[in-house]
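# An overview of the molecular structure
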Amino acid sequence: MDSIILIGFMGSGKSSVGTLLAKELRFRFIDTDREIEKENHRKISKIFDESGEEYFRNLETGYIRNLIPLRQPSVISTGGGLPLRECNAGLLREIGMVVYLKAEKDTIINRVKKDKNRPLLRAGDLEKQVEDLLRLRELHYKECAHIEISTDNLSLSDIVSEIINKYKRWDAAGRITS
Ligand code: S3P
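Residues numbered from 1 in each chain as written. Predicted model: local features only at pLDDT ≥ 70, side-chain atom pairs only at ≥ 80, totals over all residues. Heavy atoms only, no water.

## Re the site of the ligand
Inspection of the region around the ligand gives 13 residues, with Lys14, Asp33, Arg57, Arg118 and Arg137 positioned closest. The separation between an oxygen atom of the ligand and a polar side-chain atom of Arg57 is 2.7 Å. Within the side chain of Arg137, one N or O atom sits 2.7 Å away from an oxygen atom of the ligand. Protein chains bury 94% of the 380 Å² of accessible surface belonging to the ligand in isolation. One can see that the ligand is located within the largest pocket. Along the lines of polarity and charge, the residues of the shell around the ligand split into five nonpolar, three polar and five charged. (Near = heavy atom within 4 Å. Polar contact = N/O pair within 3.5 Å; in protein donor to acceptor, adjacent residues only side chain to side chain. Areas by Shrake-Rupley, 256 points an atom, 1.4 Å probe, with all protein chains shown as cover. 1 Å grid on protein atoms, 1.4 Å probe; cavity = no way out; pocket = protein on both sides within 12 Å on 5 of 7 lines; lining within 4 Å. Sits in = over half its atoms within 2 Å of the grid points. Nonpolar A, V, L, I, M, F, W, Y, C, P; charged D, E, K, R; others polar.)

Here is the structure:
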């Protein structure tokens, strides 16, 4: 059975959606950021500060690569920058059904503005940073995903139901059947 992989910008709700989705499906829940923190005994912000972004990106690729042979169906919530590397996007699509949780700029800003733990949004004008990064990333998310859900006007349980619905119609060839 394939896994479900959640991708999307910081603050798009991947962790909250993933936790509930895994509970409903009785799947294991994996949050790549939390797993990388555990394996490296450092918070993400510390890894960025001490070793740099490129080092963190390599950890992400290594982590995803190790997930491929596991084959235990899981819900995997990914860091917002993980699908940007082409090789990562390919690996994610091998693991299962990739879902892009799309959120508008204002929703994202509201969610991330109080959180000081995201190294890419720590300094400067938050609105501009989110806008610029979103513009750069949107296409990558769309290209990586099998399905896309606009989350702004949906409740958590609506989003989870929609994903479960799609997953029931998911075939391993990478298609949603009608
Ligand atoms: C990042 C997103 C973060 C985390 C790191 C980098 C990004 O995860 O992986 O701070 O590049 O978008 P969340 O999307 O869970 O905030």
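## Quick notes on the pattern of salt bridges
Enumeration over the complete set of coordinates arrives at 20 salt bridges. A salt bridge links Glu54 to Arg85; its shortest N-O distance comes to 3.2 Å. Here Glu54 is found in helix H4 (residues 53-67), whereas its partner Arg85 is found in the loop between strand E3 (74-77) and helix H5 (86-95), with 31 residues between them in sequence. You can call Glu54 exposed: its relative accessible area is 54%. Take Arg85: its relative accessible area is 24%, and that puts it in the partly exposed class. A salt bridge links Asp132 to Arg135; the nearest nitrogen and oxygen atoms lie 3.7 Å apart. Of the two residues, Asp132 and Arg135 are both situated in helix H7 (residues 126-144); the distance of three residues between them amounts to about one turn of the helix. Using a relative accessible area of 58% as the deciding quantity, one classes Arg135 as exposed. (Salt bridge = Lys/Arg side-chain N within 4 Å of Asp/Glu carboxyl O. Helix = DSSP H or I, 4+ residues; strand = E, 2+ residues; numbered from the N terminus. Buried < 20%, exposed > 50% of the residue type's maximum accessible area, 1.4 Å probe, protein only.)

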